[in-house]
Amino acid sequence: MKIRFCGILYIILLFLLGCAKPSNYVCNTKVLPRIASHVILIGLDGFNFDDYGYIRNYHNINYLTIHGASTFNKRSVIPSSSAINWASTMMGVPPEMHGYTEWGSKTPDVPSVEINNNGIFPTIFSLCRDQIPLEETGCMFEWPGIKYLVDTLTISFVKQLNSEIDSIESNVDIICKYLHQKKPFFFFCQIDGIDHMGHTNGWYSEEYYSYLARVDHCIGMIVQSLKNVGILDDTVIIIVSDHGGHNNSHGSINLLDMESPLIICGKGIKNGYAIQEPVVQYDIAPTVAYILGLKPYPYWRGKVISDIFQK
Ligand SMILES: [Zn+2]
């Protein structure tokens, strides 16, 4: 009798174990409401203004600013270089935690304080895969260094774009086709040419601002494609850079390197609002998670930029 009772308990235990979901699958979309069903994060490497009055020369960037929430003082993490800041953008933590410390770090120079099953500090893409594994996510980038910082194994579609600066329009054509076909839940693209123009001709030079006009046109193409496919009204668009620059370089504590624009526009976002609270690079991932109704990782350190949302 005792043996038979233990056998029944064993069967019940097996049944319960069989029902348990994998630990990294936590579907909480019924718990947290979404602000919008799509977030398009446009990363403009080295994007900044030395005079914010110039923003009026860029129709699409200006439109998103006027109709969204923005700050021109988003702080980069130190040092104000690329891999460090794109890692913080994706991973929601400062470099002391993710461990990428140099311009082109491909692996953490200091061991990350946390790694997932793919051996990388969990990113906003990892969070999407953990909590909404069936939703489409996409990532395209001109700078090859991005692929080491996003947790590519968790992304539905990853593409390295042509890194020649004159490829920007054809690259954005590829992006628009993808957006049209897949209507991704979360999409990140990184455009690299502004940074190239800064290093080659000087930040805020005539050539730098001329190239920004091409980027502005491409942002208009992306917005139009979201409109054409019918998801613009349920989308939040975020424009962010990793750092600014001065003279022909960046990476210093000069505020022209350390501060740059953050523009957030779309469903549920205040119109024409100047963000009052301080914003740091690692606030982006938690803010994207909040918009998409995802629960942030407990070890993220960034804050949701809470004053951008309409009541
Ligand atoms: Zn950069």
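Note that this is a predicted model, so its numbers are computed, not measured.

A short note on the coordination of the zinc ion
In step 1: Around the zinc ion, the protein contributes the donor atoms D45 (OD), S82 (OG), D242 (OD) and H243 (NE2), at 2.0 to 2.1 Å from the metal centre.
In step 2: Coordination at the zinc ion is tetrahedral: its four donor atoms span angles of 95 to 132° at the metal.
In step 3: Mapping the donors of the zinc ion onto the primary sequence yields the spacing D-x36-S-x159-D-H. Within this pair, whereas S82 is found in helix α3 (residues 82-91), its partner D242 is found in the loop between β6 (235-240) and α9 (255-258), the two being separated by 160 residues in sequence. Taken as a pair, S82 and D242 share a single burial class, namely buried.

A short note on the packing of aromatic side chains
In step 1: Counting across every chain of the model gives 20 aromatic pairs.
In step 2: Taking the centre distance of 6.2 Å and the plane angle of 20° together, the rings of F49 and Y209 count as stacked. Residue F49 is located in the loop between β1 (38-44) and α2 (59-66), and its partner Y209 is located in helix α8 (residues 206-228); the two are separated by 160 residues in the primary sequence. Here F49 matches Y209 in class, with each residue buried.
In step 3: Ring pairs connect the aromatic residues F47, F49, Y52, Y54, Y58, F72, W203, Y204, Y208 and Y209, which therefore count as one cluster.
In step 4: Its guanidinium or amino end placed over the ring of Y273, K270 lies 4.1 Å from that ring's centre, counting from NZ or CZ.

Thoughts on the pattern of salt bridges
Where charged atoms from two side chains of opposite charge come close, those side chains can pair.
In step 1: Tallied over the full model, the rule gives five salt bridges.
In step 2: With its nearest N and O atoms 3.2 Å apart, the salt bridge here joins E135 to R34. With E135 in the loop between α5 (124-131) and β3 (137-141) and R34 in the loop between α1 (2-19) and β1, this pair connects stretches of sequence that are 101 residues apart.
In step 3: On the basis of relative accessibility, which here comes to 31%, the residue R34 falls in the partly exposed class.
In step 4: Between R214 and D166 there is a salt bridge, with its nearest N and O atoms 3.0 Å apart. Taken as a pair, R214 in helix α8 and D166 in the loop between β4 (157-160) and α6 (168-182) lie far apart in primary sequence, 48 residues in all.
In step 5: Here the salt bridges do not stand alone but share partners, grouping D166, E169 and R214 into one network.

A closer look at the side chain of S70
In step 1: Here S70 shows up in strand β2 (residues 69-75).
In step 2: With residues near it in sequence (within four places) discarded, S70 still touches T65, L262, I263, Y273, A274 and I275.

Some details on the environment of W143
In step 1: Inspection of the secondary structure assignment puts W143 in the loop between β3 and β4.
In step 2: Judged by relative accessible area, which is 11%, W143 ranks as buried.
In step 3: Filtering out sequence-adjacent residues up to four positions away, W143 remains in contact with S82, A83, W86, W103, G104, Q160, Q190 and D192.

Quick notes on the side chain of T154
In step 1: Here T154 shows up in the loop between β3 and β4.
In step 2: The class for T154 is buried, based on a relative accessible area of 7%.
In step 3: Polar side-chain contacts of T154 include one of 2.7 Å to the backbone oxygen of D151.
In step 4: The residues touching T154, leaving out its near neighbours within four places in the chain, are N118, F125, S126, R129 and T137.

Considerations on the environment of N162
In step 1: Mapped onto the fold, N162 is located in the loop between β4 and α6.
In step 2: Once the C-alpha coordinates of N162 and D130 are considered, the two residues, 32 residues apart in sequence, prove to be 30 Å apart.
In step 3: Here E164 takes part through its backbone nitrogen, which lies 2.9 Å from a polar atom of the side chain of N162.

Focus on α8
In step 1: Relative to the 33 Å expected for 23 residues at 1.5 Å per residue, α8 spans 33 Å between its end C-alpha atoms, a close match to the ideal helical length.
In step 2: Positive phi appears at G230, one or two residues downstream of α8, with a value of about 85°.

So, how was this worked out
- Residues numbered from 1 in each chain as written.
- Predicted model: local features only at pLDDT ≥ 70, side-chain atom pairs only at ≥ 80, totals over all residues.
- Heavy atoms only, no water.
- Donors = N, O, S within 2.8 Å, 3.2 Å for Na, K, Ca; no water.
- Tetrahedral: all angles 85-135°; square planar, octahedral: opposite > 155°, others 65-115°.
- Helix = DSSP H or I, 4+ residues; strand = E, 2+ residues; numbered from the N terminus.
- Buried < 20%, exposed > 50% of the residue type's maximum accessible area, 1.4 Å probe, protein only.
- Phe/Tyr/Trp six-rings, centres within 6.5 Å; stacked < 30°, edge-to-face > 60°.
- Lys NZ or Arg CZ within 6 Å of the ring centre and 35° of its normal.
- Salt bridge = Lys/Arg side-chain N within 4 Å of Asp/Glu carboxyl O.
- Contact = heavy atoms within 4.5 Å.
- Polar contact = N/O pair within 3.5 Å; in protein donor to acceptor, adjacent residues only side chain to side chain.
- Expected span 1.5 Å × (residues − 1).

Read these as layout, nothing more, since geometry by itself doesn't imply function.
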